[in-house]
Structure formats: C-alpha cells, structure tokens
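In case you want the letters, here they are:
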Amino acid sequence: MTPEPYGRTKNGQPVARHTLARGRLTVRILDYGGIVSAIETPDRTGRRTNVVLGAMDLAGYEASDAHFGALIGRYANRIAHGRFSLDGQVHDLPRNEGDNTMHGGPAGFDRKVWRVESATGTDLTLAHRSPDGDQGFPGTLDVRVTYALPDDETLSITYAAETDRPTVLNLTNHSYFNLAGEGAGDALDHVVGIAADAYLAVDADQIPTGERCAVAGTPFDFRTPTALGARIRAADRQLIRGHGYDHTFVLRGAGGLRTVATAHDPSSGRHLTVATTQPGLQLYTANMLDGTATGSGGGLYRAGDAVCFEAQGFPDAPNHPDFPSTVLRPGESFSAVTTYRFTVA
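Residues numbered from 1 in each chain as written. Predicted model: local features only at pLDDT ≥ 70, side-chain atom pairs only at ≥ 80, totals over all residues. Heavy atoms only, no water.

Visitor: Please clarify how the overall build of the protein should be interpreted in this entry.
Guide: Looking only at helices and strands, the protein features 2 helices and 29 strands. In summary, the protein has a C-alpha radius of gyration of 19 Å against a globular reference of 20 Å for 345 residues, a match within 12%. For the protein, the spread of C-alpha atoms along the three principal axes comes to 60 × 50 × 40 Å. Of all intrachain contacts in the protein linking residues separated by at least 6 positions in sequence, the fraction that spans at least 24 positions is 66%. Carbon and sulfur atoms provide 50% of the accessible area of the protein, an area that totals close to 13200 Å². Charge centroids of the protein, computed over 31 positive and 39 negative side chains, lie 2 Å from each other. (Helix = DSSP H or I, 4+ residues; strand = E, 2+ residues; numbered from the N terminus. Rg over C-alpha atoms; globule rule 2.2 N^0.38 Å. Contact = heavy atoms within 4.5 Å. Areas by Shrake-Rupley, 256 points an atom, 1.4 Å probe, with all protein chains shown as cover. Lys, Arg positive; Asp, Glu negative; His and termini not counted. Charge placed at Lys NZ, Arg CZ, Asp CG, Glu CD.)

Visitor: Can you walk me through the pairing of strand β14 (residues 154–163) in this structure?
Guide: With respect to burial, β14 is a largely interior element, 7 of its 10 residues being buried. Pairing analysis gives 9 bridges linking strand β13 (residues 141–151) to β14, with the strands arranged antiparallel. Bridged to Asp151 within β14 is Thr154. Pairing analysis gives 8 bridges linking β14 to strand β29 (residues 334–344), with the strands arranged antiparallel. Within β29, the residue paired with Leu155 across the bridge is Tyr340. (Buried < 20%, exposed > 50% of the residue type's maximum accessible area, 1.4 Å probe, protein only. Pairing = 2+ DSSP bridges.)

Visitor: Any chance you could explain the sheet that holds strand β17 (residues 191–194) here in plain terms?
Guide: Strand pairing in a sheet is mediated by backbone hydrogen bonds. Such pairs are either parallel or antiparallel. The 9 strands are arranged β11-β12-β13-β14-β29-β23-β22-β17-β20 in an open sheet whose pairing can be described as antiparallel. Every other strand in the sheet has two partners, leaving β11 (115–119) and β20 (226–227) as the edge strands with one partner each. Bridging between strand β23 (residues 270–276) and β29 involves 7 bridges; their strand directions are antiparallel. Among the inter-strand pairings, Thr276 is bridged to a residue of β29, identified as Thr338.

Visitor: Sorry, what's going on with empty space enclosed by the protein here?
Guide: In this approach a probe as big as a water molecule rolls over the atoms, and the regions it shows empty are the leftover space. Taken as a whole and judged by the stated rule, the model has 2 cavities of 30 Å³ or more. The wall of the largest cavity is formed by Tyr32, Ile35, Tyr61, Ser64, His67, Phe68, Ala70, Asp110 and Arg111. When the residues that make up the lining of the largest cavity are grouped by side-chain class, the tally is 5 nonpolar, 2 polar and 2 charged. One number sums up the size of the second largest cavity: a volume of about 40 Å³. In terms of lining, the second largest cavity is formed by Asn77, Arg78, Leu200, Val202, Gln206, Asp246, His247, Thr248, Gln282 and Pro315. (1 Å grid on protein atoms, 1.4 Å probe; cavity = no way out; pocket = protein on both sides within 12 Å on 5 of 7 lines; lining within 4 Å. Points joined across faces, edges and corners; volume = space filled by probe spheres on them. Nonpolar A, V, L, I, M, F, W, Y, C, P; charged D, E, K, R; others polar.)

Visitor: Is there a simple way to think about the layout of surface pockets in this case?
Guide: Considering only enclosed or pocket space, the largest pocket measures out at about 610 Å³ in volume. Around the largest pocket sit 31 residues that line it, and Asp65, Ala66, His67, Tyr284 and Met288 are the ones nearest its centre. The set of elements that each furnish at least two residues to the lining of the largest pocket consists of β24 (280–284) and β25 (290–294). With 3 residues, β25 is the single largest residue contributor to the lining of the largest pocket. By residue class, the composition of the lining of the largest pocket is 9 nonpolar, 12 polar and 10 charged. Of the pockets and cavities examined, the second largest pocket occupies roughly 270 Å³. When residues of the lining of the second largest pocket are traced back to their parent elements, those giving at least two are β28 (327–328) and β29. In terms of residues, the lining of the second largest pocket owes the most to one element, β29, which gives 3 residues.

Visitor: I'm lost on the nonpolar core in this one. Help?
Guide: Buried together is how nonpolar side chains tend to be arranged in soluble globular proteins. Core analysis: the largest hydrophobic core is formed by 57 residues, its most contacted members being Ile39, Tyr147, Ile194 and Phe309. In this structure Ile39 touches Leu25, Thr26, Val27, Thr49, Asn50, Val51, Val52, Leu155, Phe177 and Phe342, once residues within four positions along its chain are discounted. Ranked by size, the runner-up nonpolar core spans 21 residues in total, among them Leu30, Ala55, Phe68 and Cys308. (Core = buried A, V, L, I, M, F, W, Y, C linked by side-chain atoms within 4.5 Å.)

Visitor: When you look at the side chain of Thr49 in this model, what are you seeing that I'm missing?
Guide: Within the element layout of this structure, Thr49 appears in strand β5 (residues 48–50). Given a relative accessible area of 15%, Thr49 falls into the buried group. Among the polar contacts listed, one links the side chain of Thr49 to the side chain of Arg270, at a separation of 3.2 Å. Beyond its immediate chain neighbours, meaning those up to four positions away, Thr49 contacts Ile39, Glu40, Thr41, Gly181 and Arg270. (Polar contact = N/O pair within 3.5 Å; in protein donor to acceptor, adjacent residues only side chain to side chain.)

Following this line, the structure appears as structure tokens:
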C-alpha cells in the first residue's frame, strides 16, 4: 500500500505511516521510531478494533516518554548507573531515568526516523545506522527490522544487526496491548499465561539484583493463566518496587521460536499468543501512565490500561556476567524473532 504522510518531526524530517493488511488483520507502522501505531483485529462478533495504545499524532509521540509501540534500542530496559565495561573499557551513557540509562538513552532508536528498505502490502523492512558513540555505545551498528503478516492472524517482527566494533545490543518492541480495544479502560481482567518458572528480582531503582526468583507461591506465577488484576495489589516487595508488574521473566527454552505468553480478554473474546527466540519477557502493566497522556482515540491513559509483552535480552546484562550475553562482535550477526498471533476464543 502507498505510505501516507504523517507530518514532520520537530527538526523537519518527514514521517510516513505504512499499512500492512492481510485478511482480518491490519497493522499500521510509522517510520518514526518503527512505531506500531495500530493493530486492528476482530472480536468474537467480527467487529474490528485497534488493540494497541498510541498517541494522537506525531507531536504526541515525540512528546511522550511512554515509548508507545516503538522499536527500542540500542539497549532495551535499564543499564545501572549508565555505565558498563566491555573488554576492559568502561563506557558511559547518558542517564535518563535517575542515575540509570533506560531504553537506550534520551535519543534512542524510538526517536529516529528509519529508512524504508523495502515494502509490500504485507511486509515492511526498516533500516537504521547508529554511529559509533551514539548515546555512548561503541561501534557503528547497522540494524534492520522487518514487520510481516505471514497469515491473517499473525504479526511477525524480525530483528537483524551487525557492528564494526564490540558493542552491546538489546532490541524489542514496546507495544501496549488492550485486547478489549484502545481506550476501553484497564486491562486488568486480561487472563495472562507466561511460560516461565522464574523472574528477575529488582532493587528500589528497578535494576536486577542478579537473583532469579522462583515464581511458585508468588504473584508472579502465571504458569496457569491468571487475571492480571488478581494479585497486582498484593503486599509484595517486588510489586511495590515495580508499581505493579514491570519485571523480566526468565523464559523456558533457549534460542528457538517458542510460545512464551498468552493473553485473553473475556469481554471481546480476543486472544493473543506471543512467541519469541529471546531469553526474557518483560511484563509491564503500564504503571507509569498517569492520566496526562491523550491517546490515539482521544481519551486519557491511566495505569493498568494496557499490558506490554517485551521480548528481549535481560536488563543490565552487561553488568551481570551470569546473564545471557548481549555482546555483539564484528563478524557476528544478531538475529531475533517475535510474533504476535491474534485469534478469537
């Protein structure tokens, strides 16, 4: 489909919106930040609705710190004290969440206009070159991300990257899902399952302590699908630190594409299945939305109005040698795949 003009950034760069469509599924993507601005899919009655949160317009995306639907890099999630050591060299990054670096820094990949490398009605490939020293990270990094609709139920996101110097890399998509529909209120009645026996404990700054905690007997046990709201207000130290769920789950299996999470909205019948090759899944219940952000449908977003399933490497892994490595070296190719399948049950 022909891309639609979507305005210009504050520094004058033109932005376009690209629409992918196949059967019952329509996905709209901005080349600014690689943002998934809409996913339209039917409910049990056949009524199609957008099921992801977003901003009203480009200015809204630029002004927001919520990262609605965006590609996150170079390093998704948090790096403690904005610093890591690689091959004996210390790299300092800009701090944009207290003393820590969050989602790649204040000018991460979600703030860039990506180059369209190829596009059809069912797939879109965006590319970006991140120069050596970008947000403090070493090496020139070439990244390609392909969005595709392999069938009329599935959005697939494939990540690829190469570097000319040793660096660290953690890429994800930050879509906020409400399967009842954008603007439908909170998503705490969504019944969620996660294929994980452990999660990463965090400190008061939401930095991993290094401890992998068993989910058994805790509010983090989603091995049997459970409503998000069933235990979110439990007097649990980790829930207090995250202001709700904002934690990385240690996924079962390694390397291959496997189902790692499900979500079901009883009111609409929509069902989401998440599969990934990544080792971790950040479950985030939109805790920082505070009623000041105007959404794409014109309403105000509040905490709990969506749930994010951010498939990724572990946060702060460069500072935890026992975590799965996020180091990328010259001659190596980073690759990862995450899929989101929408059905009705």
